[in-house]
Amino acid sequence: MTGRRSFLGWLGAALAACTRAIRPEPPGEGADGTSPATSQADSASAPATSPSPSTSPSPSTLTSPSVSTTAQAEPSSDLFAGAPAADDPLELLYSRRLAFEEGQPLVTVRVAEGRSQMAISPRGPLSVRARASDGTAPDLLLEATEGAWTVRLAGGRAGVGATWVLLEELRFSDKAGLERARAEWGSRGVATRATTVGQVYGIAGHVVDTRRHALLADGDATESGARAQADTIAARFPAVHPQLFRELASRPSGRIELLDQSGAVRAVGESAIELRAPQGISIAEVEFGMGYSFHGFETRTYPGRVYATVDPRGLLALVAAVPMERLVKGVVPSEIYASAHAEALKAQAVTARGEVLAKVGARHLGDPYLLCAEQHCQVYKGAGAETRSTDAAVDATRGEALFASVAGEPFGEGPGEVSRLVDSVYSAVCGGFTEDNDAVWGGPPDPSLRGRPDFDARAPGMSAFAGGIGAALVSRFVRLPSVPSYCALAAPAAKVRWRRTFRQGEVDALCAGLGVGRVRSMSVEGRGISGRARALRVEGTAGVARVGGELAIRRLFRNLESGMFVVERAGSDWVFVGGGWGHGSGMCQTGAIGRAQRGWGYEDILGWYYSGARPEKIY
């Protein structure tokens, strides 16, 4: 353990020396950028193997620290400096900072929680570190035989603190967006409070800014009250996938037992047991797809190590600690076709790695892990998802993430330019034109997320669309009999162009929650550069309602493929004629595949979809 600590001290000093000064803003200052946690994730991730088609003062404990130019052993501002010591498992599980081992970050990921016991199957000898009450965890080597072992919570005590419903996460740089979101939720009868999560840190001369405004539903601050409130909000507003937001004053605790196949207790830990096996650990009945149509349970295998601990409710939780590169190897095939061209897989690996860095310290506060394994963070199915082709793409881009040079003022860094981590969002099929981030999620424009054509402007009949689609051309664009776009080279034709028909009774039922009565007319209010709808005006016999946001519109009508559509009447029916699958901002995954097939390298692919950005090696 001593070697690891001395390395971390050296690393912290080195990183601090090469990082620009960043002035912190007090909690509640700045603004949002409407990149709701549920909105981006919903369209940027997909189940199985297809490309993936959110006023009380902030607690001082959540204030963003600053990066100092003064080299010191453990600068408090650096996410890699002062990393948790390996001696006490709880310090790793509850730290909001990355541990750094074997030349790469170590990321803790939720496997399961809310259980009383779970079955595990180690592959090879099982190393166990059972935590004692003083925080020490001596090593123990057990002989693992075939069959399931059991991890059991013998007694658990819930954590003490406040629990709220997380409605939205908004960019730190968009104060106006935060105020708009609060006003909108207020008009819906939901009182809110806001706090600031995340931090700014430097790595290899670049800036990573994970700060977000978290907009919370005000409530009684209890776990049960927040869960009931989350269920009510989800039922009232189908476009929202509320998460729980915890502010722990004291951690949960409990006695955890490890039982062998005979039922004998082989190890007992106070609030945590660390499990390691050379070839990984299989865990039965891992739940996935919570809140989605593909919800289910399956056995998954995790590399490295797994921790059994106590979740905030005082129940059993399992958490995998996965090296960054191994984590990305499991994420990439969950987000894109594993059979895709190698250059497209490399592009996906770079974006996936950046998305992990961007979320660390800003998600799941109060939980004993940094990230979940679902759409809310990024889909991670464990070692079983890994493939030879995607592993090769990850290895070829080891340590690379996407950065762009931006003016320092918007992020509080002072005058000049800094190299900032790009919010490398992506969707499955852009339909021929990608979209501006502010048209999809609101908030300030991101210079790296500008809508661009996904076709050669010299292609026959396409020059008229090269400068943008918007309201003027969208009707023509979605009716093109064929689209010479790069995504059309790889995507199913039914996702490039599509039609959805609804009966009048279906529309009335789907819009019943809007309180407009029998629907008489629907019209799009505002479109982005790709023609995607910003809002939908619905008029009925009992009144008028406005549905804001492309994701809310899509979910209202049984998950429309995208917001790039026109709506018209066909007799008594309503017909949506559209193109694309997903939100359309950032990288078009099938477009990346099409470009790779036409000879584009991954750096060029990323440079096109993320204007002014390029991959940078950070470790």
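Residues numbered from 1 in each chain as written. Predicted model: local features only at pLDDT ≥ 70, side-chain atom pairs only at ≥ 80, totals over all residues. Heavy atoms only, no water.

A. Just the packing of helix α6 (residues 324-335) against helix α7 (residues 342-359), in detail. Relative to each other, α6 and α7 sit at 120°, their axes nearing to 9 Å. It follows that α6 is oblique to α7 by the angle criterion. The handedness of the crossing between α6 and α7 is right-handed. The residues of α7 that touch α6, namely those facing M324, E325, L327, V328, V331, V332 and E335, are L345, Q348, A349, A352, R353, V356 and L357. Per-class residue counts for the contact of α6 with α7 are 10 nonpolar, 1 polar and 3 charged. (Axes fitted to C-alpha atoms, helices over the stretch in contact; angles between N-to-C directions. Helix = DSSP H or I, 4+ residues; strand = E, 2+ residues; numbered from the N terminus. Parallel < 35°, antiparallel > 145°, perpendicular 65-115°, else oblique. Left-handed = near helix turned anticlockwise from the far one by under 90°. Contact = heavy atoms within 4.5 Å. Nonpolar A, V, L, I, M, F, W, Y, C, P; charged D, E, K, R; others polar.)

B. How the structure looks around the sheet that holds strand β26 (residues 543-548). Taken together, the 3 strands give an open sheet; going across it, the order is β24-β25-β26, and neighbouring strands pair in antiparallel fashion. Strands with a single pairing partner mark the edges of an open sheet, and in this sheet they are β24 (519-524) and β26. Across this sheet, the average inter-strand angle for adjacent strands is 20°, counted without regard to direction. Note: β24 against strand β25 (residues 535-540), 5 bridges, orientation antiparallel. (Pairing = 2+ DSSP bridges.)

C. Quick peek at helix α5 (residues 223-236). The terminal C-alpha atoms of α5 lie 20 Å apart, and with 14 residues this matches the ideal 20 Å at 1.5 Å per residue to within 8%. Listed as buried for α5 are E223, A226, A230 and I233. The buried residues of α5 occupy one face: seen down the axis, they fall within an arc of 90°. Those residues of α5 that are exposed and angled more than 90 degrees off the buried face are S224, D231 and A235. Lining the buried residues of α5 we find β7 (160-171), α4 (175-187), β11 (212-217) and β12 (243-250). (Expected span 1.5 Å × (residues − 1). Buried < 20%, exposed > 50% of the residue type's maximum accessible area, 1.4 Å probe, protein only. Arc of directions from axis to C-beta.)

D. Highlighting the nonpolar core. Counting 107 residues, the largest nonpolar core has L258, I283 and Y610 as the members making the most contacts within it. In terms of residue count, α7 provides more of this core than any other element does, 9 residues in total. By size, the runner-up hydrophobic cluster in this structure holds 21 residues, among which are V507, A545, V547 and V567. (Core = buried A, V, L, I, M, F, W, Y, C linked by side-chain atoms within 4.5 Å.)

E. View of the pattern of salt bridges. Applying the stated criterion across every chain, the model contains 42 salt bridges. With a closest N to O distance of 2.5 Å, R152 and E257 form a salt bridge. Residue R152 is found in strand β6 (residues 149-157), and its partner E257 is found in strand β13 (residues 253-259); the two are separated by 105 residues along the sequence. A salt bridge links E270 to R157, with the shortest nitrogen-to-oxygen separation between them at 3.7 Å. Placement of E270 in strand β14 (residues 265-270) and of R157 in strand β6 is noted, with a sequence separation of 113 residues between them. (Salt bridge = Lys/Arg side-chain N within 4 Å of Asp/Glu carboxyl O.)

F. Looking closely at the pairing of strand β19 (residues 316-323). Across the 8 residues of β19, 7 count as buried, placing the element largely inside the fold. As paired strands, strand β18 (residues 305-310) and β19 are joined by 6 bridges and run antiparallel to one another. When the sheet's bridge partners are listed, V310 is paired in β19 with L316. The hairpin formed by β18 and β19 contains 5 residues between the paired strands, and G314 there has a positive phi angle of roughly 85°.

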